[in-house]
Amino acid sequence: MKLKIWGSRGSIPVSPYPQDTWNEKKDLLLDFHNSGLTPDDYLKSKDFNSVAGYGGNTTCVQVTSKSGSNIIIDGGSGIRPLGMSLLGSDLGKGQGEAHIYLTHYHWDHLVGLPFFVPFYIPGNKIHVYSVCEDLEEVFEILFKKPYFPVPFNVIKAQIVFHQIEPRKEFKVGDLKCTPYQLDHPDPCWGLKVNSDDKNFAHCVDTEGTRISRDKLGDDLPLYQGIDLMYFDAQYDFNDHLSKVDWGHSASQIGLDLAMREGIKKVLFTHHDPAASDAQITDLKKDTQRYFQEQRRAKTSLYPVEWDFAYDGLVVEI
Ligand SMILES: [Zn+2]
Ligand SMILES: [Zn+2]
């Protein structure tokens, strides 16, 4: 199974090019100047995020099975470049199918949908899934004046809405998908995706208020037998404690869950729009400290692999 991150920011898209971002890069330019390396060798010597940052598109993830079945999770602004990338496939010729799962209807998860070009190509068939109620009505509002100039009936593709049941499996090709509830002020449904004996868990947006197995109850399977968990870490740990009911979590919460349940790898995401690239890198350092402390204190905890997501990242499991 392959995962591509098209948007890793939360709440609202951000520009990666404000003045302060350029100022942050000054140190990098000086470092390059003093290194004596060629540009190519210098870039190879750096970690990706210190040069390119984390990106500014809101949440959108593409999951692809070995045999090519595909599901898109959420339509944040990252779905715009994803749509452009699909124009080389059958969707560009009006002979393709796409599957879009919406976790909930907060703006940052929908804002890119009117810019998903395959909607406007006649002959395409696009399936839209959600557990949240009123899927068709909510979707049509996105294409309504005065919010958007192109009305819903101008969409040329065939749209098929699927109002799905909580905790009941639905299939997209050979991808077996099951929605479980997350902890968010408006109901939000994570997704467990299974294919070829691999499991991916999409856990965004969530505050992670239910941690114990008892409290997770019927939603515990979302965190069990997981090869890769994509987890909301918008805040640092102290912010998370003060922002009760804001609906977002911190990396330490995700790590606790992953170390207990034996989750193989975690990617932290839904980065705060107010966080600079340097601040997200600081969160990574905090996470590393916490991870080492926990592992030292209790060696039986699972040695989870983890990292922070960024726009354009591809992970295979
Ligand atoms: Zn969100
Ligand atoms: Zn939300």
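Values in this document were obtained by computation on a predicted structure and should not be read as measured data.

Here is what the cut-offs are and how they apply
Residues numbered from 1 in each chain as written. Chains lettered and ligands numbered in written order. Predicted model: local features only at pLDDT ≥ 70, side-chain atom pairs only at ≥ 80, totals over all residues. Heavy atoms only, no water. Helix = DSSP H or I, 4+ residues; strand = E, 2+ residues; numbered from the N terminus. Rg over C-alpha atoms; globule rule 2.2 N^0.38 Å. Buried < 20%, exposed > 50% of the residue type's maximum accessible area, 1.4 Å probe, protein only. Contact = heavy atoms within 4.5 Å. Areas by Shrake-Rupley, 256 points an atom, 1.4 Å probe, with all protein chains shown as cover. Lys, Arg positive; Asp, Glu negative; His and termini not counted. Charge placed at Lys NZ, Arg CZ, Asp CG, Glu CD. Donors = N, O, S within 2.8 Å, 3.2 Å for Na, K, Ca; no water. Tetrahedral: all angles 85-135°; square planar, octahedral: opposite > 155°, others 65-115°. Polar contact = N/O pair within 3.5 Å; in protein donor to acceptor, adjacent residues only side chain to side chain.

S.K.: Talk me through the overall build of the protein chain; I want residue IDs and the actual numbers.
M.R.: Regarding its fold elements, the protein chain presents nine helices and 14 strands. Relative to a compact globule of 317 residues, whose C-alpha radius of gyration would be 20 Å, the protein chain shows 20 Å and is just as compact. With the C-alpha coordinates aligned to their principal axes, the bounding extent of the protein chain is approximately 55 × 50 × 40 Å. By the burial criterion, 50% of the 317 residues in the protein chain qualify as buried. Within the protein chain, residue pairs in contact and separated by at least 24 positions form 71% of the contacts whose partners lie at least 6 positions apart. Surface summary for the protein chain: the accessible area is close to 14,900 Å², and the carbon and sulfur share equals 52%. Averaging the positions of the 33 positive and the 44 negative side-chain charges in the protein chain gives two centres separated by 4 Å.

S.K.: A description of the coordination of the zinc ion (ligand 2) should follow, citing residues and the corresponding values.
M.R.: Binding of the zinc ion (ligand 2) to the protein goes through His104 (NE2), His106 (ND1), His184 (NE2) and Asp205 (OD), at separations of 2.1 to 2.3 Å. Taken together, the four donor atoms coordinating the zinc ion (ligand 2) span angles of 92 to 164° at the metal, a pattern that classifies the geometry as irregular. Of note, the zinc ion (ligand 2) draws all its donor residues from one chain, in the sequence arrangement H-x1-H-x77-H-x20-D.

S.K.: Talk me through the coordination of the zinc ion (ligand 1); I want residue IDs and the actual numbers.
M.R.: All of the protein donors around the zinc ion (ligand 1) are Asp108 (OD), His109 (NE2), Asp205 (OD), Asp205 (OD) and His270 (NE2); their distances to the metal are 2.1 to 2.7 Å. Coordination of the zinc ion (ligand 1) draws on donor residues from a single chain, spaced D-H-x95-D-x64-H in sequence. Between the zinc ion (ligand 1) and the zinc ion (ligand 2), a separation of 3.8 Å is found, and both are coordinated by Asp205. Pair noted here: Asp108 is in the loop between strand E4 (97–102) and strand E5 (125–130) and His270 is in the loop between strand E12 (265–269) and helix H9 (277–297), with a separation of 162 residues, a long-range link. Looking at Asp108, the relative accessible area reads 6%, which means it is buried.

S.K.: Help me get a handle on the side chain of Ser130, residues and values and all.
M.R.: Turning to its location among the elements, Ser130 is positioned in strand E5. A distance of 2.9 Å separates a polar side-chain atom of Ser130 from the backbone oxygen of Leu102. Ignoring sequence-local partners within four residues, the contact set of Ser130 consists of Leu102, Tyr105, Leu135, His162, Gln163 and Ile164.

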